[in-house]
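The residues making up each chain are set out below.
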Amino acid sequence: MELYKWTGPRDQGISILASSPNSRLIYLVDGEESTVLFEAEAGTAPQGFEAFQILNAVGDINDGFYAVFNNIPVSEEGRELFEERFQNRAGKVEEEPGFAAIRVLRPLNSDTYIILTLWKDEESFTNWQQSQAYSHAHAKRGTSDGIDKRPNIFPRPSFVKTYTR
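(A) Summary view of the overall build of the protein. Helix and strand content of the protein: four helices and eight strands. Going residue by residue from the N terminus, the α and β elements of the protein occur as β-α-β-β-β-β-α-β-β-α-α-β. The C-alpha extent of the protein, read off along each of the three principal axes, is 50 × 35 × 30 Å. Sequence separation of at least 24 residues holds for 74% of the intrachain contacts in the protein that already meet a minimum separation of 6. Accessible surface, the protein: about 9,200 Å² in total, of which carbon and sulfur atoms supply 46%. Of the charged side chains in the protein, 17 are positive and 24 negative, and the gap between their average positions amounts to 3 Å.

Here's what the structure looks like:
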């Protein structure tokens, strides 16, 4: 499976929705910026959409109303280790109240992976960040055992982008 993502001005996002009324497109907004998502079997990305291979999927992305995109640039030599880390994740986030879905996305045409989580609302995400499960999932961050301390893995800092439906 693949996930396709388009990001741009709200009016263009609305045009994409209008041109595909029978599709299961997800339309998300943040101010004047919008993102359109859809999942499909592997194929050619529609023009203007980024393509990602779905490495891990839990839940239905259509159930979420608050989307968190953790964008993580990963070097070519770091891909295997990075993917292994997410293939062996504890999966605690799925047990959190308000959790809707997660997608671990491998970029097909860039170096930036996306860890996409969808939530019932922003409060559910904030509660997750303050939970023991979050602390457990990120316990190695910043330590000598953490992947973030390995050389040549992350060429640039990661960044988070959020949207609502």
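Anyway, onward from the coordinates.
(B) A look at the nonpolar core. Membership of the largest hydrophobic core comes to 18 residues, with the highest contact counts inside it found for Phe82, Val93, Ile115, Trp119, Phe125 and Trp128. Among the elements of the structure, strand 5 (66-73), helix 2 (79-87), strand 6 (99-107), strand 7 (112-119), helix 3 (122-129) and helix 4 (132-137) are those that each provide at least two residues to this core. Those residues in contact with Val93, other than ones at most four positions away along the chain, are Phe99, Ile102, Trp119 and Trp128. One finds Phe52, Ile61, Ile114 and Leu116 within the second-largest nonpolar core, a separate group that totals 16 residues.

(C) Inspection of the environment of Lys120 at higher detail. Mapped onto the elements, Lys120 comes out in the loop between strand 7 and helix 3. The exposure class assigned to Lys120 is exposed, which follows from its relative accessible area of 53%. Remark: the alpha-carbon pair of Lys120 and Met1, spanning 119 residues in sequence, is separated by 24 Å. The residues contacting Lys120, other than those within four sequence positions of it, are Phe65 and Gly98.

(D) Representation of the pairing of strand 6. Counting buried residues in strand 6 gives eight out of nine residues, a clear majority hidden from the surface. Of the pairings in the sheet, the one linking strand 4 (residues 50-59) to strand 6 comprises seven bridges and is antiparallel in character. Pairing of Phe52 across the sheet is with Pro107, part of strand 6. Two elements, strand 6 and strand 7, share six bridges in a ladder whose sense is antiparallel. Across the sheet, the residue bridging to Val104 is Ile115, located in strand 7.

(E) Layout of the environment of Ile72. Turning to its location among the elements, Ile72 is positioned in strand 5. We classify Ile72 as buried; its relative accessible area is 10%. Taking the C-alpha atoms as reference points, Ile72 and Asp111, 39 residues apart in sequence, are found 8.2 Å from one another.

(F) Fine view of the environment of Arg85. In this fold, Arg85 is placed in helix 2. For the pair Arg85 and Leu55, spaced 30 residues apart in sequence, the C-alpha separation works out to 12 Å.

(G) Seen up close, the pattern of salt bridges. Counted under the stated rule, the structure contains nine salt bridges. Notably, a salt bridge pairs Lys5 with Glu50, separated by 3.6 Å at the nearest N-O pair. With Lys5 in strand 1 (residues 2-9) and Glu50 in strand 4, the pair connects residues that are 45 residues apart, well separated along the chain. A salt bridge links Arg156 to Asp111; its shortest N-O distance comes to 2.8 Å. Placement of the pair is Arg156 in the loop between helix 4 and strand 8 (159-164) and Asp111 in the loop between strand 6 and strand 7, with a sequence separation of 45 residues. For Arg156, a relative accessible area of 40% translates into the label partly exposed. A relative accessible area of 23% places Asp111 in the partly exposed class.

Here is what the cut-offs are and how they apply
- Residues numbered from 1 in each chain as written.
- Predicted model: local features only at pLDDT ≥ 70, side-chain atom pairs only at ≥ 80, totals over all residues.
- Heavy atoms only, no water.
- Helix = DSSP H or I, 4+ residues; strand = E, 2+ residues; numbered from the N terminus.
- Contact = heavy atoms within 4.5 Å.
- Areas by Shrake-Rupley, 256 points an atom, 1.4 Å probe, with all protein chains shown as cover.
- Lys, Arg positive; Asp, Glu negative; His and termini not counted.
- Charge placed at Lys NZ, Arg CZ, Asp CG, Glu CD.
- Core = buried A, V, L, I, M, F, W, Y, C linked by side-chain atoms within 4.5 Å.
- Buried < 20%, exposed > 50% of the residue type's maximum accessible area, 1.4 Å probe, protein only.
- Pairing = 2+ DSSP bridges.
- Salt bridge = Lys/Arg side-chain N within 4 Å of Asp/Glu carboxyl O.

Limitation: the analysis is restricted to geometry and does not speak to function.
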